[in-house]
Amino acid sequence: QVQLVESGGGLVQPGGSLRLSCAASGSIFSINSMGWYRQGPGEQRDMVAIMTSSGDTDYTDSVKGRFTISRDNAKKSVYLQMNSLKPEDTAVYYCKVRLRTRWDTQPTAYWGQGTQVTVSS
């Protein structure tokens, strides 16, 4: 059984900052990529930032220079530092982790429960 627990969302004024955290637990054998996605009202879920096991990163264009993804392999955790937040960043943010349990032959994607980020004055 694998669980992803997210924290760090909330209400922030435009220009402010938030830091999201996502911790994985359970019978995890190895972790591949870790990333963050977001879904606004009436919209599809889109990738925000991804980090591979080797440390390579990718960001959607709208957050480049403002958001930073990082991970702590020992803690099985991924973080998203969000600076200079804009109203259009308002969404539910989900972490996604591709990992193998001891019973898996291939990595499987797991999702967090989502955390609301609201940017408003």
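For the structure itself, look to the data block above.
Residues numbered from 1 in each chain as written. Predicted model: local features only at pLDDT ≥ 70, side-chain atom pairs only at ≥ 80, totals over all residues. Heavy atoms only, no water.

## Points about the overall build of the protein
Tallying secondary structure elements over the protein gives zero helices and 11 strands in all. Ordered by position from N to C terminus, the α and β elements of the protein give β-β-β-β-β-β-β-β-β-β-β. Here the C-alpha radius of gyration of the protein, 14 Å, is about what a compact globule of 121 residues would show, namely 14 Å. By principal-axis analysis of the C-alpha atoms, the protein measures approximately 50 × 25 × 25 Å. (Helix = DSSP H or I, 4+ residues; strand = E, 2+ residues; numbered from the N terminus. Rg over C-alpha atoms; globule rule 2.2 N^0.38 Å.)

## Quick look at the packing of aromatic side chains
The final tally for this structure, using the stated rule, is two aromatic pairs. A ring pair is formed by Tyr 94 and Trp 111, whose centres lie 6.5 Å apart and whose planes are at 85 degrees; its orientation type is edge-to-face. With Tyr 94 in strand 9 (residues 91-101) and Trp 111 in strand 10 (residues 108-111), this residue pair connects regions lying 17 residues apart in the sequence. For Tyr 94, a relative accessible area of 14% puts it in the buried group. Judged by its relative accessible area of 37%, Trp 111 falls in the partly exposed class. Sitting over the face of the ring of Tyr 79, Arg 19 holds its NZ or CZ atom 4.2 Å from the ring centroid. (Phe/Tyr/Trp six-rings, centres within 6.5 Å; stacked < 30°, edge-to-face > 60°. Buried < 20%, exposed > 50% of the residue type's maximum accessible area, 1.4 Å probe, protein only. Lys NZ or Arg CZ within 6 Å of the ring centre and 35° of its normal.)

## Comments concerning the side chain of Arg 66
Of note, Arg 66 is situated in the loop between strand 6 (57-59) and strand 7 (67-72). The exposure class of Arg 66 is buried, given its relative accessible area of 10%. A distance of 2.9 Å separates a polar atom in the side chain of Arg 66 from the backbone oxygen of Ser 84. Beyond its immediate chain neighbours, meaning those up to four positions away, Arg 66 contacts Gln 81, Met 82, Asn 83, Ser 84, Leu 85, Lys 86 and Asp 89. (Polar contact = N/O pair within 3.5 Å; in protein donor to acceptor, adjacent residues only side chain to side chain. Contact = heavy atoms within 4.5 Å.)

## Brief notes about the pattern of salt bridges
Applying the stated criterion across every chain, the model contains three salt bridges. Between Arg 66 and Asp 89 there is a salt bridge, with its nearest N and O atoms 2.8 Å apart. Of the two residues, Arg 66 is situated in the loop between strand 6 and strand 7 and Asp 89 in the loop between strand 8 (77-82) and strand 9; the sequence distance between them amounts to 23 residues. The pair formed by Arg 66 and Asp 89 is uniform in burial state, with each residue classed as buried. What emerges from the salt-bridge pattern is a single network uniting Arg 38, Arg 66 and Asp 89. (Salt bridge = Lys/Arg side-chain N within 4 Å of Asp/Glu carboxyl O.)

## Regarding the state of the cysteines
Under the defined criterion, the tally for this structure stands at one disulfide. There is a disulfide in this structure between Cys 22 and Cys 95, and the S-S distance comes to 2.0 Å. Linking Cys 22 and Cys 95, the disulfide has an S-S dihedral of approximately 45 degrees and is accordingly described as right-handed. You can see Cys 22 sitting in strand 3 (residues 18-26) and its partner Cys 95 sitting in strand 9, a full 73 residues away along the chain. Using a relative accessible area of 1% as the deciding quantity, one classes Cys 22 as buried. (Disulfide = S-S within 2.5 Å.)

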